[in-house]
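Residue-level structural notes
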Amino acid sequence: MNPFRVLVEEQYVSDTVIPLTPQLQRLWGGDFRIVGPHKERARVLANFVETVDGRISYAEESRAEGGHISESDLHDRFTMALLRTVSGATFTGANTLKAESKHLWTPEYICPEYADAFKELRESLRLPSTYTTIFLTRSGSIVSEAEVYTQPKSESRVIIITTEEGEAHVDKKVREYATVEVIAGTHFEQKLLATMLTKYGITTALCEGPAVFGSLLSLHLVDEFFLTVSPKLIGGKKGTRPGLLENISLSFEESPHLTIASERAAENYRYFRYRCM
């Protein structure tokens, strides 16, 4: 893989600078920077790919995943793997698991070309070798057959986070593998992020589900947002091909202001890091 071309790289005093290995630093084009941590909750990073016209999926049975939008672009997969490596957990919604039941939310799954390099980085950062994947379901409805449930527990930890009402509906087969965590009362999203930090020691959580992202964004709980723009136009009749914020409408006052913290390029793709203000 050729290194990213760095077009913009802002350096904020409040940034956390994550030291990369020499190989990864050369490919990334410098230091890897993310927003500083919070004392009361996990900081939230998000990562998505969309077309130039803002579509995140073909919404076809055989082409539902983001990889079809990016055409499995190596630089996009590298970015996703890097974010998974430096995060304490990756989290998404139950619908994403249903749509991508064969997926594993690990660096080596998405970018096997640099699996050894990401493993070395994770070790250097003294992060657990076991990857944590969190699935959110308020109703308790979640698929019981998925590849993520078949992984050795020494390599993979799965946590299902649901509500008091949803707990009774979590399938017994899921409970055999996953930890079920209940968020009681109101303010589900705020309590979710607090629980990640205080109970599980997760300081950085990576969001990869669009519905969850929209919910957190509306509450100003997304700290940074990594976006790959794929050089494609795919269109779509109303409601057939989703955009990033499909089932949410933010008012003028609710809309977060995005600041471009970095912009990278490779061929005709662009890779943005936005700060959400």
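Heads up: the structure comes first, above all this text.
A brief structural summary. Values in this document were obtained by computation on a predicted structure and should not be read as measured data.

Before going further, it helps to spend a moment on the environment of Leu82. Residue position: Leu82 is located in helix H3 (residues 74–86). Judged by relative accessible area, Leu82 falls into the buried class, the value being 1%. For the pair Leu82 and Glu167, spaced 85 residues apart in sequence, the C-alpha to C-alpha distance is 33 Å. Not counting the four nearest positions on each side in its chain, Leu82 is found in contact with Leu20, Trp28, Phe32, Phe118 and Leu121.

A separate point is helix H9 (residues 188–200). Note on helix geometry: an α-helix contains 3.6 residues per turn, so any two residues three or four positions apart are oriented the same way. Here H9 contains 13 residues, and its C-alpha end-to-end distance of 17 Å stays within 8% of the 18 Å for a straight helix at 1.5 Å per residue. Where H9 bends most, at Ala194, the angle is about 25 degrees. Taken residue by residue, H9 has Phe188, Glu189, Leu192, Leu193, Thr195, Met196, Leu197 and Tyr200 as its buried positions. Just downstream of H9 lies Gly201, where phi reads positive at about 70 degrees.

Turning next to the side chain of His103. Tracing the sequence through the fold places His103 in the loop between helix H4 (94–99) and helix H5 (107–110). Taking relative accessible area as the criterion, His103 reaches 7% and is therefore assigned buried.

Time to look at helix H6 (residues 115–124). Listed as buried for H6 are Ala117, Phe118, Leu121 and Arg122. One side of H6 carries all its buried residues, which in axial view fall inside an arc of 135 degrees. Exposed residues on H6 whose side chains face more than 90 degrees from its buried face are Asp116, Lys119 and Glu123. Tucked inside the fold, the buried residues of H6 contact helix H1 (22–28), H3, H5 and strand S6 (131–136). Directly after H6, the chain includes Arg126, whose backbone phi takes a positive value near 60 degrees.

With respect to the element layout, Glu208 can be found in the loop between strand S9 (204–207) and helix H10 (210–218). Judged by relative accessible area, which is 12%, Glu208 ranks as buried. Setting aside chain neighbours within four positions, we find Glu208 in contact with Asn47, Phe48, Met80, Arg84, Thr90, Phe91, Thr92 and Trp105.

To continue, consider the packing of aromatic side chains. Each pair of aromatic rings is reported with the distance of its centres and the angle of its planes. Scanning the entire structure with this criterion turns up 15 aromatic pairs. Ring plane angle 55 degrees and centroid distance 6.0 Å describe the contact between Phe4 and Phe78, whose orientation is recorded as tilted. Here Phe78 lies in helix H3 and Phe4 lies in the segment before strand S1 (5–9), a separation of 74 residues in the sequence. An angle of 80 degrees between the planes, with centres 5.3 Å apart, marks the rings of Trp105 and Phe135 as edge-to-face.

The final tally for this structure, using the stated rule, is 1 cavity of 30 Å³ or more. Taken together, Trp28, Thr79, Phe226, Leu227, Thr228, Ser262, Arg264, Tyr271 and Phe272 form the lining of the largest cavity. Broken down by secondary-structure element, the contributors of at least two residues to the lining of the largest cavity are strand S10 (224–230), strand S11 (258–266) and strand S12 (269–276). Of the residues forming the lining of the largest cavity, the biggest block, 3 residues, is contributed by S10.

For the rest of this paragraph, the subject is the environment of Leu258. Residue placement: Leu258 occurs in strand S11. Put simply, Leu258 and Lys199 are 59 residues apart on the chain and 31 Å apart in space, counted from C-alpha to C-alpha. Once residues within four sequence positions are removed from consideration, Leu258 is found in contact with Phe225, Tyr274, Arg275 and Cys276.

A separate point is the pattern of salt bridges. A full pass over the atoms with the stated rule returns 14 salt bridges. Here Asp15 and Arg275 are joined by a salt bridge, their closest N and O atoms 2.8 Å apart. With Asp15 in the loop between S1 and strand S2 (16–18) and Arg275 in strand S12, this residue pair connects regions lying 260 residues apart in the sequence. We note that Asp15, like Arg275, is buried.

Across the sheet, which stays open at both edges, the 10 strands sit in the order S1-S11-S12-S10-S4-S9-S5-S6-S7-S8 with mixed pairing between neighbours. Both outer strands of the open sheet, S1 and strand S8 (179–183), are each paired with one neighbouring strand and no more. Each neighbouring strand pair of the sheet contributes to a mean axis angle of 20 degrees, computed without reference to strand direction.

Judged by nonpolar contacts, the single largest core of 33 residues is most densely connected at Phe91, Ile134, Met196, Phe213 and Phe225. The leading source of residues in this core is H9, at 5 residues. Beyond its immediate sequence surroundings of up to four residues, Ile134 is in contact with Ala89, Thr90, Phe91, Thr92, Ile159, Ile161, Met196 and Ile202.

Quick notes on the rules
Residues numbered from 1 in each chain as written. Predicted model: local features only at pLDDT ≥ 70, side-chain atom pairs only at ≥ 80, totals over all residues. Heavy atoms only, no water. Helix = DSSP H or I, 4+ residues; strand = E, 2+ residues; numbered from the N terminus. Buried < 20%, exposed > 50% of the residue type's maximum accessible area, 1.4 Å probe, protein only. Contact = heavy atoms within 4.5 Å. Expected span 1.5 Å × (residues − 1). Bend = angle between axes of the 7 residues up to and from the residue. Arc of directions from axis to C-beta. Phe/Tyr/Trp six-rings, centres within 6.5 Å; stacked < 30°, edge-to-face > 60°. 1 Å grid on protein atoms, 1.4 Å probe; cavity = no way out; pocket = protein on both sides within 12 Å on 5 of 7 lines; lining within 4 Å. Points joined across faces, edges and corners; volume = space filled by probe spheres on them. Salt bridge = Lys/Arg side-chain N within 4 Å of Asp/Glu carboxyl O. Pairing = 2+ DSSP bridges. Axes fitted to C-alpha atoms, helices over the stretch in contact; angles between N-to-C directions. Core = buried A, V, L, I, M, F, W, Y, C linked by side-chain atoms within 4.5 Å.

Don't take any of this as a statement about function, it's just geometry.
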